[in-house]
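Residues per chain, in single letters:
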Amino acid sequence: MAMSTDSIIDRRRLRRKVTFWRIMAVLAAVLAIVAWAFASGGIDGAFGRRQPQIAKIRVEGTITQDQDLIDRLHRLAKTDSVKAVILAVNSPGGTTVGGESIYEAVRELAARKPVVAEVGTVAASAAYMIACGADHIVAQRTSIVGSIGVLFEYPDLSGLLDKAGVKVEDIKSSPLKAEPNYFHPASEEAKTMIRSMILDSYAWFVDLVQTRRGFTHDQALALSDGSVFTGRQALGNRLVDAVGGESAALEWLRSKGIDIRLPVVEWKRKEDVGRYFFAKAALHYAAGLLGLPAGSGPFLRELTADRIFLDGLVSVWQVGGGRGGDK
């Protein structure tokens, strides 16, 4: 039976709709795959991790107990396609707990495959601690290296409160509970308690450097007075093993039997895309309000969230002292 003209038109419309939605479904699937790839560290990170490679992982900014970074280090240790790892360090340091946690993860990784630390602009304090977890450290001639030490700082707001006419009272179980605090000068007993903590963590840090760099205890102590060194000075003091960048790191890997013709694949941080772009836009807007030049967002983040809210003992080097200077 012959179909009517209206039926033919309706069928054609239906086919076009079905075709349209099929195309949209395919596009959605492609976009989902691309989004997953970037969340996994980029196209190379997502699809290149199955091929034999030299992995590169960055330790940047203020050091905290970064679980994402620690998880990536653990995955590198378990990934058979990763034949060696370049640990790119560029950080002034951070919390001692953060440095210790990442250092331990680097040591676990180095127990399974060669790991070389490549120092960028700076690897100081807790960042140098992390670099010591690698079996070989290279730095540029003008890199900043060292600042071995521990610090605890707290504000004393008592003078400000007096001017504002505010008095803070506290009732506590014992004199050292919640000491030191912001609302009155620290007692000598409180200072003694904190100094004991600092010296214990400092002794652990010095022992770590002594063991990892092959020093005697006196040699390690002599280099652990908070001083920083250029890469050339650090080489002379045996805090690093060679001067250079990635090519020097690869040459050491070659000496360990690694084929340096393998691709170097960076294993990047997983980012919440929406949160990342929102935070980036907010920092850009804040920088504009403060009259800072374009591109100051990362600098503003470093000065605010990454530094101001560090709790506990820290090991951070910063020019001019301030919140994170070694003492």
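Residues numbered from 1 in each chain as written. Predicted model: local features only at pLDDT ≥ 70, side-chain atom pairs only at ≥ 80, totals over all residues. Heavy atoms only, no water.

Considerations on the overall build of the protein
Line of reasoning, step 1. Looking only at helices and strands, the protein has 13 helices and nine strands in total.
Line of reasoning, step 2. By residue count, 39% of the 327 residues in the protein fall in the buried class.
Line of reasoning, step 3. By sequence separation, contacts in the protein at least 24 residues apart represent 74% of the contacts at least 6 residues apart.
Line of reasoning, step 4. About 18800 Å² of surface is accessible on the protein, with carbon and sulfur atoms providing 58% of the total. (Helix = DSSP H or I, 4+ residues; strand = E, 2+ residues; numbered from the N terminus. Buried < 20%, exposed > 50% of the residue type's maximum accessible area, 1.4 Å probe, protein only. Contact = heavy atoms within 4.5 Å. Areas by Shrake-Rupley, 256 points an atom, 1.4 Å probe, with all protein chains shown as cover.)

Details of the nonpolar core
Line of reasoning, step 1. Of all hydrophobic cores here, the largest spans 48 residues; its most connected members are L73, L76, L87 and L239.
Line of reasoning, step 2. If you list the elements that add at least two residues to this core, you get β1 (53-63), α3 (67-78), β2 (82-95), α4 (96-110), β3 (115-124), α5 (126-131), β4 (136-139) and α7 (188-213).
Line of reasoning, step 3. Not counting residues within four places of it along the chain, the set of residues in contact with L239 comprises Y128, I137, V145, I148, R213, F215, L223, F229 and A234.
Line of reasoning, step 4. With 12 residues, the next largest nonpolar core counts V138, A248, L250 and W252 among its residues. (Core = buried A, V, L, I, M, F, W, Y, C linked by side-chain atoms within 4.5 Å.)

A few points about the pairing of β1
Line of reasoning, step 1. Counting buried positions over the 11 residues of β1 gives eight, a clear majority of the element.
Line of reasoning, step 2. Two strands pair when backbone bridges link them, and β1 and β2 are joined in this way by 10 bridges, in the parallel orientation. Along β2, the bridge assignment pairs E60 with N90.
Line of reasoning, step 3. Between β1 and its parallel partner β2, the chain crosses via α3, and the hand of that crossover is right-handed.
Line of reasoning, step 4. In this sheet, strand β8 (residues 264-266) lies alongside β1 in parallel orientation, the contact comprising three bridges. Across the sheet, the residue bridging to I54 is V264, located in β8. (Pairing = 2+ DSSP bridges. Right-handed = clockwise from strand over helix to strand, strands pointing away.)

Observations concerning the packing of aromatic side chains
Line of reasoning, step 1. All chains considered together, the criterion is met by one aromatic pair.
Line of reasoning, step 2. A centroid spacing of 6.4 Å and a plane angle of 70° characterise the contact between Y182 and F183, whose relative ring orientation is edge-to-face. (Phe/Tyr/Trp six-rings, centres within 6.5 Å; stacked < 30°, edge-to-face > 60°.)

Quick look at α3
Line of reasoning, step 1. Here α3 is 12 residues long and its end C-alpha atoms lie 17 Å apart, about the 16 Å a rise of 1.5 Å per residue gives.
Line of reasoning, step 2. Of the residues making up α3, those classed as buried are L69, I70, R72, L73, L76 and A77. Down the axis of α3, the buried side of the element spans an arc of 160°, and every buried residue falls inside it.
Line of reasoning, step 3. Against β1, β2 and α4 lie the buried residues of α3.
Line of reasoning, step 4. By the N-cap criterion, in which a side-chain oxygen at the helix start approaches the backbone nitrogen of a residue two or three places on, α3 is capped by D66, the distance to D68 being 3.2 Å. (Expected span 1.5 Å × (residues − 1). Arc of directions from axis to C-beta. Polar contact = N/O pair within 3.5 Å; in protein donor to acceptor, adjacent residues only side chain to side chain.)

Side note on the pattern of salt bridges
Any two side chains of opposite charge can pair if their charged atoms end up close together.
Line of reasoning, step 1. Following the criterion strictly, the structure yields 14 salt bridges and no others.
Line of reasoning, step 2. Here E266 and R58 are joined by a salt bridge, their closest N and O atoms 3.0 Å apart. With E266 in strand β8 and R58 in strand β1, this pair connects stretches of sequence that are 208 residues apart.
Line of reasoning, step 3. The exposure class assigned to R58 is partly exposed, which follows from its relative accessible area of 33%.
Line of reasoning, step 4. For D135, the salt bridge goes to R107, with nearest N and O atoms at 3.3 Å. Here the residue D135 occupies a position in the loop between α5 and β4, and R107 occupies one in helix α4, the gap between them amounting to 28 residues.
Line of reasoning, step 5. Residue D135 is classed as partly exposed on the basis of its relative accessible area, which comes to 34%.
Line of reasoning, step 6. Among the charged side chains, a network of salt bridges with common partners joins D66, D68, R72 and R269. (Salt bridge = Lys/Arg side-chain N within 4 Å of Asp/Glu carboxyl O.)

Thoughts on the environment of K56
Line of reasoning, step 1. Mapped onto the fold, K56 is located in strand β1.
Line of reasoning, step 2. Setting aside its immediate chain neighbours within four residues, K56 contacts I86, A88, E118, E246, V264, V265, E266 and W267.

Describing unusual backbone geometry
Line of reasoning, step 1. Of note, the bond from E179 into P180 is cis; its omega dihedral lies within 30 degrees of zero at -10°.
Line of reasoning, step 2. Looking at the element boundaries, P180 is found in the loop between α6 (158-164) and α7.
Line of reasoning, step 3. Even without a glycine there, the phi angle at S147 is positive, about 55°.
Line of reasoning, step 4. Within the element layout of this structure, S147 appears in the loop between β5 (144-146) and α6.
Line of reasoning, step 5. Positioned with a positive phi, R238 is a non-glycine residue whose angle comes to about 65°.
Line of reasoning, step 6. Looking at the secondary structure, you find R238 in the loop between α9 (231-236) and β7 (242-243).

Interpretation note: all reported values are geometric properties and have no functional meaning in isolation.
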